[in-house]
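A look at the structure
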Amino acid sequence: MQLPNWSIQNGSFVAILTLIAAAVGILSYQSMPRSEDPSINLPRYILTIVYPGTSPQDMEELIVNPLEDALEEVDDLDKVTTDISEGVAFFRIEASFNIEDWDDKGVEIERQLNTVRDQLPAGIVFYEFGQFKQEDRAVVHQIALTSPAAPYYELEQIAENVEDRLEAVAGVKAVKLDAFPDRLVRVSIDFEKCVARGVAPGTVIQVLRENNVNVPGGNVAAAGTSFSIKTSGSYDDLEAIRQTVLVSRDERLIYLRDVADVNFAYEEERWRARYNGERALLLSVLLENESNIMNVSEDIHAALDEARVDLPPTVRLQTAFEQAPAVKARIGDFFMNLLQGVLLVGVIILLFLGLRPALIVMIVIPLCILVSLALLNGSGFALQQISIAALVLALGLLVDNGIVVVENINDYLKQGLSPAEAAAKGTGEVGWAIVSSTVTTLLAFLPLTQLGGGPGEFLKSLPVTVMLTLGISLLLALTFSPLLASKILKYREGRKAPLPQRALHWVIAKIYRPALNISLRYGALVIVVAIGLLIGAVSLFPSIGVSFFPTADKPVLLIDVKTPPGSDLEETDRAVSFVESVVGGLEYTRDYSANVGHGNPFIYYNRIPRNFRKNVGQILVNFTEWDPVRFYATLRDLRETFGAYAGAEITFQELKNGAPVNAPIELRISGPDDRQVEALTGKVAAILIATEGTINIQNDLLERKTDLHLRMNPEKAGLTNLNTLDFDRTILASLSGLTFDEVSLADGEDYPLNIRIAYDDAAPGIEDFDRVYVPTRTGAQIPLRQVADLEFVSMPSSLTHFDLERVAIVTADVTNADNTIAISQSILAEVEAIDWPAGYKYTVGGEYEKQQSTFGTLGIILILAMLGIFAVLVLQFKSLLQPIIVFSALPLAVTGSFVALWLTGWSFSFFAFVGFVSLSGIVVNNSIILVDYMNQLRDEGLPLARVVREGAERRFVPIVLTTLTTILGLLPLTLQATSLWSPLGWTIIGGMVSSTLLTLLVVPVLYGWLTVGRG
């Protein structure tokens, strides 16, 4: 290989290029976006519709079915799930990851939905469609504007001023205002007065609409001057609305004030919030995707400090949630792990190779990391826990090439070559071997970039970072390392090798050489022992267990409150207040935010908040610190306390990594007959209840509410010329209220114009039906009670559609998140044993569905990685047998991986699987170095027996050193004892230990058996 020699001859050029790349890396580090977790964008789309006062069955018929019929025409949709409750429909639309442009698919879906938009009812108050983009939804800073007494409209005005300040901060994408009712102009109509004056409610709506217009009058010219004509359209204030003339009766004008009261009011409250028990309006700050959250957070606090100066005495601005401190701590921890790993690697190299070789490697390591950061930044990746952990993982690997090169250069220095000659020849001799070993490692990580779905998006920065870092390390090992070695390395005759190196040579002479001789003499026994160890390790797998994504290890808890179906906001508020009283009394609690009728704003990437349900609430609790023992002890105490509360279901699950799921365990049951589905659902729910480790079992068919059905009597309606449309519209407008227009008043604000009957309480009562009159085709108005019957009917409180058909859902949480998969497998075995009639079926959701899909893909990725590595080895060795020798390292690695997981108590999680895929490319490197050197000796004409012994002994030191550096580089991250990284770390460390120990014995045996045709 001529590249090392060229680099030495053009040393100044190589040094300047390296310094430029390092400078770009420093600038990239300073400017790179930072976050705690990767920013995930998925081909998933969300549609939320709010139509107040509508039962789930009517929501299904009037809104969901037409929209789902439209979605049926869209191609490449993998899954459509619709949650239907009173007045709310929530669509989750999942498209295929294989589509080229996710934004275009969103446009297509929205366009298709719009084809039926005009068929939907007119009373919809909220319709929002959008793609699931984390930067469009994830809240990085949640602010509570609190006041015990200030009215909502005053708080809203203050919040809008704060919003303007925050949106002026560089890096802030948007600020959302939530948890307050909109102010509107309420026309409170009196039906008795309308009847007395012969005015129908429809007339009121029509006249107000016709008067609320502003049509330009054009221009006129006079005396050489042009004048614009201002017409008399629209309203300036409430008094102008009150003075609206509705009709003329008996030469007397009937004004709106004669039949209705007109005042400012608030819409029906759907979302109520508090911060530390005090009424609050919430401001949620969204971050631009390329922004540095640390810098933006400082500017946000500065803007808030400025805003506080102008606040009234009773109003306060307080931070309810902030991501920046967690990001700073998490990134700081990871960089500390990286620094610790660098120091450990440096110490090992210093001890075993001496000061000058260690200096070369320690210069190359930061250079490699800096250049990798520059490439990462250019590829659009941010600094977050996955990308930084990937640097830690790559640390032990990137020094391997440098160690092999420096150690070989030292050998030639000992033979009397000059530093430049030794650097060129030593690097060139192992150049293709380290290229091959690096390529095999890259091939192990390359398929991980193609892992689809949410897990693939979450993980993508890991393989990309490792591949970039290893590619840079290879380039530096072949160019910059020999250049430094030619200037730095010296050999002094008679100088003793470092003590650890002499110790290694003692190990070779006294321990490894005898063990190698025995292995070569009893090769078959060595192979049998290795296979036996592998079988024993695999037998541990059932006790190791399988899990999916681990917990997030954050001092944050989201507590869900669910009151009985049909509960109003006040009933839910009482349950939420109980939770506040409990968490507010804990010393471990730093602060808490309560939400009634809605979930907390979107603060964690896979916890999508519930939208607008009167019987749900959510409390965000920030604890003082992350202390696993204290955290889980607190959760146990809270479960016991909340379980004793009779008025609501109060549940929680710690935050977890991974793609969003409805619940850890979820089963969907469907079939043609509702009663049969209900019976089957009951059996499935009974299985979940009886399964140990499950909690919070939910059977949505058991959640029923009592509705008041108002049925128009067809005979009476026919006699009075009353039609169904007028009947239904009058009920909606009079009781729930109908927003029919928007009015712009002189204060510059736009207000919804809403009509309903006047009542004193927060919601109408049954007695208010007596005050409602319905118009007939003839213009007469008759009391509602004369043409309608009232009855109470028990109905499901919610409905669910999955892939455009109605299903029943049974869900459960688990007491130990790591046991979710094992519990799911136990449940599914019993569910499968149920006698399922023809036409009825169940499908599995939750974590099990995600795990099966992802692990299946990872299995394919592992096979592809191994095939790619095998192909490279065949190309390198020009043999089919020698790649088999190299591949013997893989089953040897399995032994150590499983034993390490079993000893440390970690389950085989998603990240353990990722570690195993990574291991497949790492462990073969030692075998490649060993086999390649033996081939060089064989080509020199040495006899096979001498080749095997001399090759194994000569490569013992670099193999042991590269293994040590890989392990020590990864050890600080692994010893963090986090459920995300420790399983990955122990998988790799255990596999490296067993593979190295067994490779040094098994590979020489296999080489002696299978190598033919050389020499």
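Summary of the structure given here. Here the structure is a predicted model, which means the values were calculated and not measured.

Turning next to the pattern of salt bridges. When their charged atoms lie close together, side chains carrying opposite charge are able to pair. Counting across every chain of the model gives 27 salt bridges. Close ionic contact of D83 with R92 constitutes a salt bridge, the shortest N to O distance being 2.6 Å. Across the pair K105 and E108 runs a salt bridge whose closest N-O atoms are separated by 3.0 Å. Within this pair, K105 and its partner E108 are both found in helix α4 (residues 102–114), separated by three residues, close to a single helical turn.

Bringing a nonpolar patch on the surface into the picture now. There is a patch of nonpolar side chains on the surface, built from L3, W6, F13, I16, L17, I20, V24 and L475 and spanning about 740 Å² of accessible area. Mapped by element, the contributors of at least two residues to the nonpolar patch are α1 (3–9) and α2 (11–31). The biggest single contributor to the nonpolar patch is α2, with five residues. For I16, the position within the fold is in helix α2.

On the surface, a cluster of negative charge is contributed by D69, E72, E73, D75, D76, D78 and D803. Along the chain, D69 turns up in helix α3 (residues 56–71).

So, on to empty space enclosed by the protein. Taken as a whole and assessed by the stated rule, the structure comprises nine cavities of 30 Å³ or more. Here the second largest cavity is characterised by a volume of approximately 130 Å³. For the second largest cavity, the lining is made up of 14 residues, of which L397, D400, N401, S437 and N925 are closest to its centre. Within the residue set of the lining of the second largest cavity, elements represented by two or more residues are α14 (385–414), α15 (419–445), α17 (461–478) and α33 (924–939). A class-by-class count of the residues in the lining of the second largest cavity yields five nonpolar, eight polar and one charged.

One pair of aromatic rings is described through two measures. These are the centre distance and the angle between the planes. Within this structure, the stated rule accounts for 27 aromatic pairs. Look at Y512 and F956: their rings are 4.8 Å apart centre to centre, the planes differ by 35 degrees, and that puts the pair in the tilted class. You can see Y512 sitting in helix α19 (residues 499–521) and its partner F956 sitting in helix α35 (residues 956–974), a full 444 residues away along the chain. Consider the rings of F898 and F908, whose centres lie 6.2 Å apart with planes at 80 degrees: the pair is edge-to-face. Of this pair, F898 sits in helix α31 (residues 889–904) while F908 sits in the loop between α31 and α32 (910–922), and the two are ten residues apart along the sequence. A single burial state applies to F898 and to F908, both of which are buried. Taken together, the aromatic side chains of Y588, F623, W626, F631 and Y632 make up a single cluster linked through ring pairs. Across the ring face of Y127, the terminal group of R117 is positioned such that the distance to the ring centre comes to 3.6 Å. Over the ring of Y255 we find R257; its NZ or CZ atom is 4.2 Å from the centre of that ring.

Scoring rules and cut-offs
Residues numbered from 1 in each chain as written. Predicted model: local features only at pLDDT ≥ 70, side-chain atom pairs only at ≥ 80, totals over all residues. Heavy atoms only, no water. Salt bridge = Lys/Arg side-chain N within 4 Å of Asp/Glu carboxyl O. Helix = DSSP H or I, 4+ residues; strand = E, 2+ residues; numbered from the N terminus. Patch = residues over 30% accessible without salt bridge, like charges linked within 9 Å, V, L, I, M, F, W, Y side chains within 5 Å. Areas by Shrake-Rupley, 256 points an atom, 1.4 Å probe, with all protein chains shown as cover. Lys, Arg positive; Asp, Glu negative; His and termini not counted. Charge placed at Lys NZ, Arg CZ, Asp CG, Glu CD. 1 Å grid on protein atoms, 1.4 Å probe; cavity = no way out; pocket = protein on both sides within 12 Å on 5 of 7 lines; lining within 4 Å. Points joined across faces, edges and corners; volume = space filled by probe spheres on them. Nonpolar A, V, L, I, M, F, W, Y, C, P; charged D, E, K, R; others polar. Phe/Tyr/Trp six-rings, centres within 6.5 Å; stacked < 30°, edge-to-face > 60°. Buried < 20%, exposed > 50% of the residue type's maximum accessible area, 1.4 Å probe, protein only. Lys NZ or Arg CZ within 6 Å of the ring centre and 35° of its normal.

It is worth stressing that arrangement in space is one thing and function is another; only the former is reported here.
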